[in-house]
Amino acid sequence: MERKQVFYLSVIFLMVIDILFLIYITFSDVSLTLRYSVLAFDFILCIVLWIEFIYSYINSDDKKQYMKDNSLSILGMLPFDFIFLRALRLIKLIQFIKLFVLARDTQKAFSKFLRTTYLDKIIFIAILFVFTVTLLVRLLDPTIHDLNTALWYVVVSITSTGYGDVVPVSTSGRIIGIVAMIGGILIFSTVTAVISSIYVSRISRSSHNDLESKIDDLTMEIKVLNEKIDELKNKDEEV
C-alpha cells in the first residue's frame, strides 16, 4: 500500500471515530469531561483536514475547479458545535473514501463508475436535503423544540416509517413534512435506479461478450470452410 493510501485510510478511520463520537454526544446526555474530550479530538482532526486541504489546493492543476468541488466541504472542516456543520463532515468523509479508492489501481474503473452513476453526487444531495429540511422543521414548527427531534422526524418521514411520535401542528411544518416524504421517495428511487442500472449494465456486458465470442467462433468456422473449399477447387483444377 502506498504512502498516500495509508494517509487516506488513516484519516477515514479517524473521521469515522470522530463522527460516531459527535453523534453520541449530540443525542445523549454525557459528562462535560467526555464532551470536551470529543470536541478537542474533533478540533485536532479539523486541523489535519485543513492541512490536507491546503496541500491539495497548492498542488492542484486547476485551483478554481478544486475550490468549486470542495466549497461546501470546507464547512465540514470547521470545528463548531453545530449539528448542520457536523453533518457536512459526512461529505468530507465521502470525499476521502473517493480519494482512497482513486489512489488504488482501480482508478479508471471507479472514475467511470462515478461518471455514469453520479452516486457520490446523489449521496451529497441526500445529506444536504436531510439537514436542510431538519433546520426548516426546527425553525418553522413550534412543537419541535430541538434539532434532535427535528432530525428524527425528518428521517422517519423520508424513510416512510411514520412512527407518529413526533407530529408537526403548523401548516408550514406539515408542508415541510410533505416535502420530506416526496424527497425521500425521489432519493430512494434514484438510488434504486442506480443499483438496477449497475446490474443491467453487467448483464448487458456479459451478453455482449457472449455474442462476440459466438461471432468469433462462427468467423473461424467460416474461415476453415473457405480454406477447405479452396483446397477442393485446387484439387479439381489439378484433375
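Note that the structure is a prediction, hence the values are computed from the model and not measured. (Residues numbered from 1 in each chain as written. Predicted model: local features only at pLDDT ≥ 70, side-chain atom pairs only at ≥ 80, totals over all residues. Heavy atoms only, no water.)

## A few points about a negative patch on the surface
A grouping of Glu212, Asp216, Asp217 and Glu221 is seen on the molecular surface, where their side chains present a negatively charged patch. Relative to the helices and strands, Asp217 is located in helix H8 (residues 171-238). (Patch = residues over 30% accessible without salt bridge, like charges linked within 9 Å, V, L, I, M, F, W, Y side chains within 5 Å. Areas by Shrake-Rupley, 256 points an atom, 1.4 Å probe, with all protein chains shown as cover. Salt bridge = Lys/Arg side-chain N within 4 Å of Asp/Glu carboxyl O. Lys, Arg positive; Asp, Glu negative; His and termini not counted. Charge placed at Lys NZ, Arg CZ, Asp CG, Glu CD. Helix = DSSP H or I, 4+ residues; strand = E, 2+ residues; numbered from the N terminus.)

## Here's the deal with the packing of aromatic side chains
Where two aromatic rings form a pair, the distance of their centres and the angle of their planes describe that pair. Summed over the entire model, instances satisfying the criterion amount to three aromatic pairs. Ring plane angle 80° and centroid distance 5.6 Å describe the contact between Trp50 and Phe53, whose orientation is recorded as edge-to-face. With Trp50 and Phe53 both in helix H2 (residues 32-59), this residue pair falls three residues apart, about one helical turn. Relative to Tyr66, the ring of Phe53 lies with its centre 5.5 Å away and its plane at 40°, an arrangement referred to as tilted. Taken together, the residues span a long stretch of sequence, with Phe53 in helix H2 and Tyr66 in helix H3 (residues 63-70) at a distance of 13 residues. Taking the relative accessible area as the measure of exposure, Phe53 reaches 6% and is therefore buried. Joined through ring pairs, the aromatic side chains of Trp50, Phe53, Tyr57 and Tyr66 make up one cluster. One residue, Lys63, lies across the ring of Tyr57, its end atom 6.0 Å from the ring centre. (Phe/Tyr/Trp six-rings, centres within 6.5 Å; stacked < 30°, edge-to-face > 60°. Buried < 20%, exposed > 50% of the residue type's maximum accessible area, 1.4 Å probe, protein only. Lys NZ or Arg CZ within 6 Å of the ring centre and 35° of its normal.)

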